[in-house]
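These are the residues of each chain, in order.
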Amino acid sequence: FTVDNYNGDGIVVLNKNGKPNIVNQMNGSIEFQADGVTFEGESYEVEFDAISNIENAEIKYYKGLREISKPTDAGTYKVVITVPESATYKKASLEVSLVIAKRELIVEIDNQEVTYGDDEEAKTYELIAGELAFNHKDEDVFEVVRSEGDNAGTYDIYVEIINDNYTVLFEKASYVINPKV
């Protein structure tokens, strides 16, 4: 998205690494662009491109009403950028939202079948789409569990999300406990 509450002469661009950069600010205006920001497990911050030569800019980040050092987790953040007046630039200030989207995964869960009295088997699945961010492992993000019950019958196998930075899509599978013969 692009936010331009001022004159549109300055631009803050989110670079390929997911970090916004102010590349120009000339007439007391700043524009902020942040397209496609997805949780990566690392902090996002506004950085100034060397060609802009902007000094003493103040950047503050907020989660709700609380000021934070830098946004990391999925969610909506308020970013307040203030560039003081100098010999080169007029004073400019901009308050925008930075949305870090949850990373999406798709998990395919295998149906399972056991006989009553046998040990419960580990639930098997495959991550068929999406990638984990940073150094996360499956068990840091979600757990494959089944409905409670130990009697012969059919139970659901599903995913419980452990990490709020992810959305996990899945179709329930069946865990069948057959009667002992």
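Above this text you will find the structure in question.
Overview of the structure. These numbers come from a predicted model, not from an experiment.

**Digging into the sheet that holds strand S8 (residues 75-83)**
Across a sheet, paired strands are connected by hydrogen bonds in the backbone, their directions being either parallel or antiparallel. Strand order in the open sheet formed by 4 strands is S7-S6-S8-S9, and the pairing between neighbours is antiparallel. Of all the strands in the sheet, just strand S7 (66-68) and strand S9 (92-100) have a single pairing partner and so form its edges. Averaged over all adjacent pairs, the angle separating strand axes in this sheet is 30°, with direction ignored. Direction of pairing for strand S6 (residues 58-63) relative to S7: antiparallel, over a ladder of 3 bridges. Paired with Tyr62 across the bridge in S7 is Glu67.

**Looking at the packing of aromatic side chains**
According to the stated counting rule, one finds 2 aromatic pairs in the structure shown. A cation over an aromatic ring shows up here: Lys78 above the ring of Tyr62, its NZ or CZ 4.8 Å from the ring centre. The cationic tip of Arg146 hangs over the ring face of Tyr155; the distance from NZ or CZ to the ring centre is 5.1 Å.

**Some remarks on the sheet that holds strand S16 (residues 173-178)**
One open sheet holds the 4 strands; their spatial order is S11-S16-S14-S13, and the pairing between them is mixed. Each having just a single partner strand, strand S11 (112-115) and strand S13 (142-146) make up the two edges of the open sheet. Across the sheet, the axes of successive neighbouring strands diverge by a mean angle of 20°, strand direction being ignored. In this sheet, S16 lies alongside strand S14 (residues 153-161) in antiparallel orientation, the contact comprising 5 bridges. By the bridge assignment, Gly153 is partnered in S16 with Ile177.

**Considering a negative patch on the surface**
A contiguous patch of negative charge on the surface is contributed by Glu108, Asp110, Glu126 and Glu171. Within the element layout of this structure, Glu171 appears in the loop between strand S15 (166-170) and S16.

What counts as what
- Residues numbered from 1 in each chain as written.
- Predicted model: local features only at pLDDT ≥ 70, side-chain atom pairs only at ≥ 80, totals over all residues.
- Heavy atoms only, no water.
- Pairing = 2+ DSSP bridges.
- Helix = DSSP H or I, 4+ residues; strand = E, 2+ residues; numbered from the N terminus.
- Axes fitted to C-alpha atoms, helices over the stretch in contact; angles between N-to-C directions.
- Phe/Tyr/Trp six-rings, centres within 6.5 Å; stacked < 30°, edge-to-face > 60°.
- Lys NZ or Arg CZ within 6 Å of the ring centre and 35° of its normal.
- Patch = residues over 30% accessible without salt bridge, like charges linked within 9 Å, V, L, I, M, F, W, Y side chains within 5 Å.
- Areas by Shrake-Rupley, 256 points an atom, 1.4 Å probe, with all protein chains shown as cover.
- Salt bridge = Lys/Arg side-chain N within 4 Å of Asp/Glu carboxyl O.
- Lys, Arg positive; Asp, Glu negative; His and termini not counted.
- Charge placed at Lys NZ, Arg CZ, Asp CG, Glu CD.

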